[in-house]
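If you want the building blocks of each chain, they are given just below.
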Amino acid sequence: AAGPVRLWVRTEPFLVGALPAPPPARLTPHYLRKAAAYARARADQGCFPRLRWPCWRHIACGKLQLSRDIAWLYFELFRGLLGPAPPLRLRWADAEAACANAEELERERSKARARSRPQARGAPEPARGTGTPTPPKGEPGLTLVCLSRALQLSVDTLQFLLFLYVQQLHKVSLRRSLLGDEWPSPRTKSPSLTGKSAGGNKNWNDQEHLAFVQSHLLDMLELLLEPEQLSASSHSSCSSLVSLEAVCALSFLLEGTVSNSGSVWPLHELALRQPCHSHNGYSKVSRTFSLPKLESWLRSCLTANPLGMSVCLKAGKKLAWAQQVEGTTRRAKIACSARVVPGVSPMVIMSQVYRQTLAKSSDTLLRAHIRIHRCNESFIYLLSVTIEKCRNSTFVLGPVETSVHVQSCDNVRVIVVCHRLSLSSTTGCTFHTLTPTQPLILSGNQAISFAPFHTHYPMLEDHMAQVGLATLPNYWDSPMLVCGDGGDTGVFRLLPPSDFYPFVVPFEMEGDTTETPGGLPKEYQEALRQREQKVQVWQRMVKEAGLTRDQRKQFQTLVENKFYEWLVQTGNRQQLDSLVPPALGSKQAAG
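The name given to the chain in an unreviewed UniProt entry is TBCC domain-containing protein 1, with Alaudala cheleensis as the source organism. Among the UniProt annotations of the chain, the heading Sequence similarities (unreviewed entry) holds the following wording: "Belongs to the TBCC family."

What follows concerns the packing of helix α2 (residues 29-41) against helix α7 (residues 157-166). Between α2 and α7, whose axes approach to 11 Å, the crossing angle comes to 170°. Classed by the angle they form, the pair α2 and α7 counts as roughly antiparallel. Contacts between α2 and α7 pair P29, L32, A36, A39 and R40 from the former with T157, L158, L161, L164 and Y165 from the latter.

If you check helix α4 (residues 68-82), its first and last C-alpha atoms are 22 Å apart, about what 15 residues at 1.5 Å a residue would give, namely 21 Å. Judged by how many residues are buried, α4 sits mostly within the fold: 13 of 15 residues are covered. G83, located one to two residues past α4, shows a positive phi value of around 135°.

On the surface, a nonpolar cluster with roughly 370 Å² of combined accessible area is contributed by V537, W538, M541 and V559. Of the residues forming the nonpolar patch, the biggest block, 3 residues, is contributed by helix α16 (residues 522-544). Within the fold, W538 resides in helix α16. When its relative accessible area of 44% is taken as the criterion, W538 is described as partly exposed.

So, about the sheet that holds strand β4 (residues 241-243). The antiparallel open sheet is built from 3 strands, whose spatial order is β4-β8-β7. One side of each edge strand has no neighbouring strand; the edge strands of this open sheet are β4 and β7 (282-283). Across 2 bridges, β7 lies against strand β8 (residues 288-290) in antiparallel orientation. Note that in β8 the partner of S283 across the bridge is T288. With respect to the sheet, helix α13 (residues 291-301) is in contact with β4 and β8, its orientation differing from that of β8 by roughly 75°.

Let's shift gears to the environment of H279. Within the secondary structure layout, H279 lies in helix α12 (residues 277-280). Spatially, the C-alpha atom of H279 lies 9.9 Å from that of F289, the residues being 10 residues apart in sequence. In contact with H279, not counting residues within four places along its chain, are K293 and W297.

The subject of this paragraph is the side chain of H463. Tracing the backbone shows H463 in helix α15 (residues 460-466). Not counting residues up to four positions away in its chain, the partners in contact with H463 are P399 and Y457.

The next point concerns the packing of aromatic side chains. According to the stated counting rule, one finds 18 aromatic pairs in the structure shown. Measuring from centroid to centroid gives 5.5 Å for W53 and F75, while their planes differ by 55°, and the two rings are tilted. Residue W53 is located in helix α3 (residues 53-63), and its partner F75 is located in helix α4; the two are separated by 22 residues in the primary sequence. The same class applies to W53 and to F75, which are both buried. Aromatic pair F500 and Y524: ring centres 5.0 Å apart, planes at 70°, arrangement edge-to-face. Taken together, the residues span a long stretch of sequence, with F500 in the loop between β23 (492-494) and α16 and Y524 in helix α16 at a distance of 24 residues. The two residues F500 and Y524 agree in class, both being buried. Chaining the aromatic ring pairs together yields one cluster made of W53, W56, W72, Y74, F75, F78, F160, F163 and F252.

Across residues other than glycine, the phi torsion is negative in most instances, and most of the peptide bonds are trans. Between F48 and P49 the backbone carries a cis peptide bond, its omega angle lying at 0°. Considering the arrangement of structural elements, one finds P49 in the loop between α2 and β2 (50-52). Of note, the amide linkage connecting L472 to P473 takes the cis form, showing an omega dihedral of -5°. For P473, the location among the structural elements is in the loop between α15 and β22 (480-481). The phi dihedral of Q65 falls on the positive side, at around 55°, and the residue is not glycine. For Q65, a relative accessible area of 54% corresponds to the exposed category.

Parameters at a glance
- Residues numbered from 1 in each chain as written.
- Predicted model: local features only at pLDDT ≥ 70, side-chain atom pairs only at ≥ 80, totals over all residues.
- Heavy atoms only, no water.
- UniProt positions renumbered as here; feature names shortened; annotations may be inferred.
- Axes fitted to C-alpha atoms, helices over the stretch in contact; angles between N-to-C directions.
- Helix = DSSP H or I, 4+ residues; strand = E, 2+ residues; numbered from the N terminus.
- Parallel < 35°, antiparallel > 145°, perpendicular 65-115°, else oblique.
- Contact = heavy atoms within 4.5 Å.
- Expected span 1.5 Å × (residues − 1).
- Buried < 20%, exposed > 50% of the residue type's maximum accessible area, 1.4 Å probe, protein only.
- Patch = residues over 30% accessible without salt bridge, like charges linked within 9 Å, V, L, I, M, F, W, Y side chains within 5 Å.
- Areas by Shrake-Rupley, 256 points an atom, 1.4 Å probe, with all protein chains shown as cover.
- Salt bridge = Lys/Arg side-chain N within 4 Å of Asp/Glu carboxyl O.
- Pairing = 2+ DSSP bridges.
- Phe/Tyr/Trp six-rings, centres within 6.5 Å; stacked < 30°, edge-to-face > 60°.

Shown next, in the form of structure tokens:
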């Protein structure tokens, strides 16, 4: 159908892909252009159109002066953003877990694995990582081939360059710092849920994403140009042509719709529509776009993301999950995306849940991006995630396919199986995790404790399989210090086994999981065994004390009173009280 094209910036590359830390010194547009030229010149060595891990390691460590760990971090973060599918994730987890040491792991990562068939030049990767895209209409010469890339550690070169460019989102601007808009500190300003804060959480702020693309659009287009289209200074001219291959790569960042069709399409499919050719300068003969016309067309079509956080806050569906009772809980706000579009992850935002236990296992949460903001003294169970500005709370999360980011939180406990965990500006927090990647400790953290994952619920292993998470490898105890804190390992500790207690999810449901997946490390299991022995000794002492019936009753009352005092003193009474089902009139809503 003919009609105006609307384009917007996709959420995932910024929300999940942009590491919330200033980029390394050489990860700049200038050096990325050099890396792009280097990769294109070595297409026969595994650099283009697919970039293999050994080639990226050489570019990152030798040209961009990144450490090998940081190079792998970016490479693996990008791969996780676009896939692979859960079964392939599990196969890679098996291969990685079988490696006995770092040398074996590096050899496994560097293996060259043949594809079943060659990929057509110019064939785009699926923009969402959800399957093989359909060939653009009107382009019979562009054949897309379904590939067998099981375990092959390579990425689309042009998309990866754009991903690296997006890391500039968190570059500290000296000019903005002097104006007071952006000043680095352990407690970086965090956004209100109105989205009005200038120094807000850029990963969630779709207005920042749009502004970033608008400001850097020409730079990104030049990054994708073939060498012959650039001047000696590596810049474009008014006669530069953009290949279809480059526009396909740009679909990693941009998507859109036609009129009000309700369908969402990747950029390259919209750009190839016949009515758009006169505006974006596409030639069917050369299969290229005029760069000035393409840039102008993109700018004219770019608009706010109708599926982003801003729209979710203004027009999203309100969810009555939190108990709306008298007092401070009236402030609680929970909303989700009003529009559900196939292939687009919905948004769920929770704000200001106070002194409550909130438990949800809902289709609304399935593959959603969840933001938990300003929740205090609460226990939140999400069995299906940015946690921001929360205090004195416990978060039990079901398996998270991509990442959990915790920012500006005090004294929170997070219990989760996830692909990646990252922390910034947190104090006194404890993380019980099962994760196949090293937890990332960014800037501004203090007194962090890491501990093994220590709970289960009946559907846990089924949910883990659905998102491609296995019990091995598990790097819960091997965090990586990134940026600000340098090599200061004093910002974190491993929880002493003497302070370790199992956690019980206090809800009944159907399923087969009856114990913590993967078990516990020996030292923690031994600590639990010793504690259980003490309980058995105590019970035997009471049994052998020869108390009369009245004495047993009196003793029971004394123990219960002491236990009640302990509940009050530790604040655990609130947790138990909040597990009592609400009255009929204030029941948590379904959804």
